[in-house]
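Structural description and commentary
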Amino acid sequence: MKGRVFSGARPTGRQHLGNYLGAIQNYVALQDDYECVYCIVDWHALTTLRDTEHLREWTAEMVLDWLAAGMDPARGTIIFVQSHVPEVTQLHLALSMVTPFGKLEDLPTFKEKIRQQPDNVNYGLLGYPVLMAADITLYKASHVPVGEDQAPHIEFTRELVRSFNYHFGPVLVEPQAVHTAFRRVMGTDGANKMSKSLNNHIELAATPEETQARVMTMVTDPARQRRNDPGHPEICNVFALHQFFSPEQVAQIKADCRSAAIGCVDCKKLFAKNLNAHLAPFRARRAELSTQPNLVWDVLAEGARRAQAIAGPVLAEVKAAIGLP
Ligand code: SF4
């Protein structure tokens with residue numbers, strides 16, 4: 001093993017293609033080389049969420065998808081809920097004491113959130129990156145998987161660790177970024193990133209029929225008004241996904257699209273067929289796992305127990321280093 005990976009994701013319920021290509025696939029692959037700690041960050045979710053009644057259900061659905069996709073506690077992977085390990089809130093508080101206020105205000109992500117939710121600029125939102133730093137450092141994670149746009153967050157955590165260690169002694173570990181190919185998957189509207197809130201998503205656990213229906217609504221090359229118009233696959237979202245789900249046919253699809261030998265309806269049908277074939281084992285496994293009603297909560301309880309076994313001693317080290325009586 002090359003080290004310990006930490007990553008967190010908000011509880012968003014049933015996962016979609018964007019989650020799958022952007023994160024879950026990487027989570028599964030990282031298990032080959034790292035001890036993996038994967039967290040459902042429910043505290044983080046509260047910084048933007050006011051309606052919390054579905055948090056429990058969304059957590060269960062998301063973990064079921066994770067397990068069905070191959071994130072596997074039997075391989076040593078820890079899967080747990082952030083709030084089940086309360087040590088993180090104490091470390092968050094300790095780290096907040098070495099965090100310059102102005103630095104938080106200047107972070108582009110905070111400014112973006114102010115724009116997105118001007119009527120709910122809460123204290124948790126400002127402290128979000130500190131809680132994230134606590135998540136990572138509580139488990140002495142050596143590596144954090146990031147896409148390019150998340151690199152500043154890791155840099156912020158590294159600075160905080162240096163600051164803490166400078167003040168109180170070398171207790172916390174500076175994490176390294178593992179640069180993974182986090183694909184940005186566009187939604188069925190072809191204009192925005194795939195997202196449940198925009199209802200432009202394709203759920204992994206949907207039925208083949210539901211999947212085909214969604215795929216048929218996908219926006220393609222706007223220049224193809226008629227069946228005989230030549231297409232531009234490089235700007236078509238269906239083609240972008242063919243590259244992943246139809247690797248053996250993609251060269252032919254590209255040529256046929258350009259020459260108008262294939263129409264968008266047939267092209268989408270082919271994509272839906274290949275996507276359903278790709279997801280069939282995942283769906284079968286999910287159906288099998290969902291017959292065990294306690295499975296998800298047992299996995300999360302065991303995950304929290306194992307996470308706490310790491311977190312407890314680290315927090316004790318932190319408190320001793322600070323000199324708390
Ligand atoms: S034929 Fe396929 S790749 Fe070409 S524009 Fe239509 S959906 Fe996109």
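Residues numbered from 1 in each chain as written. Predicted model: local features only at pLDDT ≥ 70, side-chain atom pairs only at ≥ 80, totals over all residues. Heavy atoms only, no water.

Brief notes about the site of the ligand
Which entries qualify depends on this criterion: In these notes, residues near a molecule or strand are those with any non-hydrogen atom within 4 Å of it. Secondary structure follows DSSP: runs of H or I at least 4 residues long count as helices, runs of E at least 2 residues long count as strands, and numbering of each begins at the N terminus.
Inspection of the region around the ligand gives Thr220, Asp221, Arg224, Cys236, Val238, Phe239, Cys257, Cys264 and Cys267 as its neighbouring residues. Mapped by element, the contributors of at least two residues to the shell around the ligand are helix 10 (237–245) and helix 12 (264–289).

Notes on the packing of helix 10 against helix 12
A pair of packed helices is characterised by two quantities: the angle between their axes and the separation of those axes. The test is simple: Here the axes come from fitting lines to C-alpha atoms, over the contacting stretch only for helices, and the angles between their N-to-C directions go from 0 to 180 degrees. Each crossing is labelled by how the near helix is turned from the far one, with a counterclockwise turn of less than a right angle marking it left-handed and a clockwise turn marking it right-handed. Contacts are residue-level and defined by heavy atoms, with any inter-residue pair within 4.5 Å sufficient. Polar here means any residue other than Ala, Val, Leu, Ile, Met, Phe, Trp, Tyr, Cys and Pro, which are nonpolar, and Asp, Glu, Lys and Arg, which are charged; Gly is therefore polar.
With their axes 10 Å apart at the nearest point, helix 10 and helix 12 run at an angle of 35° to one another. The two elements helix 10 and helix 12 cross, and the hand of that crossing is left-handed. Where helix 10 approaches helix 12, its residues Val238, Leu241, His242, Phe244 and Phe245 are matched on the opposing element by Cys267, Lys268, Leu270, Phe271, Asn274, Leu275 and His278. By residue class, the composition of the contact of helix 10 with helix 12 is 8 nonpolar, 3 polar and 1 charged.

Observations regarding helix 10
Test applied: Exposed residues in this analysis have more than 50% of their type's maximum accessible area, buried residues have under 20%, and partly exposed residues fall in between, with area computed by a 1.4 Å probe over protein chains only.
With respect to burial, helix 10 is a largely interior element, 7 of its 9 residues being buried. Along helix 10, the positions that sit buried rather than exposed are Asn237, Val238, Phe239, Leu241, His242, Phe244 and Phe245. Along its buried surface, helix 10 packs onto helix 1 (17–30), helix 11 (250–258) and helix 12.

Some thoughts on the nonpolar core
Just so we agree on the cut-off: The set of buried Ala, Val, Leu, Ile, Met, Phe, Trp, Tyr and Cys residues whose side-chain atoms join them within 4.5 Å is what this entry labels a nonpolar core.
By size, the foremost hydrophobic cluster in this structure holds 52 residues, and its most contacted members are Leu17, Trp66, Phe245 and Phe271. The element best represented in this core is helix 12, accounting for 8 residues. In contact with Leu17, not counting residues within four places along its chain, are Val185, Met194, Ile202, Leu204, Leu241, Phe245, Phe271 and Leu275. By size, the runner-up hydrophobic cluster in this structure holds 41 residues, among which are Val41, Phe110, Leu126 and Ile154.

Observations regarding the side chain of Thr188
Mapped onto the elements, Thr188 comes out in the loop between strand 5 (176–179) and helix 9 (208–216). Every residue in contact with Thr188, bar those within four places of it in the chain, is listed here: Asn200, His201, Ile202, Arg214, Thr217, Met218 and Val219.

Some remarks on unusual backbone geometry
Only a minority of non-glycine residues have a phi that is not negative, and only a minority of peptide bonds are not trans. Notably, Lys140 is not glycine yet its phi reads approximately 45°, a positive angle. On the basis of relative accessible area, Lys140 is assigned to the partly exposed category, the value being 24%. You will see that Asn199, though not glycine, has its phi angle at about 50°, which is positive. Mapped onto the fold, Asn199 is located in the loop between strand 5 and helix 9.

Some thoughts on the environment of Lys196
Its place among the elements puts Lys196 in the loop between strand 5 and helix 9. The exposure class of Lys196 is partly exposed, given its relative accessible area of 31%. Between the C-alpha atoms of Lys196 and Gly13, which are 183 residues apart in sequence, the distance is 9.3 Å. Contacts of Lys196, omitting those with residues within four sequence positions, involve Thr12, Gly13, Arg14, His16, His201 and Glu203.

Considerations on the packing of aromatic side chains
Here is the rule we go by: Paired rings are identified among Phe, Tyr and Trp, the last through its six-membered ring, by centres lying within 6.5 Å, and are further divided according to the angle between planes into stacked (under 30 degrees), edge-to-face (over 60) and tilted (the rest). When the NZ atom of lysine or the CZ atom of arginine is within 6 Å of a ring's centre and also within 35 degrees of its normal, the charge is said to sit over that ring.
Going through the model one piece at a time under the given rule, you end up with 7 aromatic pairs. Aromatic side chains Tyr27 and Tyr38 sit 4.4 Å apart centroid to centroid with 25° between the ring planes, which places their arrangement in the stacked category. Pair noted here: Tyr27 is in helix 1 and Tyr38 is in strand 2 (residues 35–40), with a separation of 11 residues, a long-range link. One exposure class covers both Tyr27 and Tyr38, and it is buried. Ring pairing ties together the aromatic residues Phe6, Phe80 and Tyr139, which thus form one cluster. Taking the ring centre of Trp297 as reference, the NZ or CZ of Arg56 above it sits at 4.1 Å.

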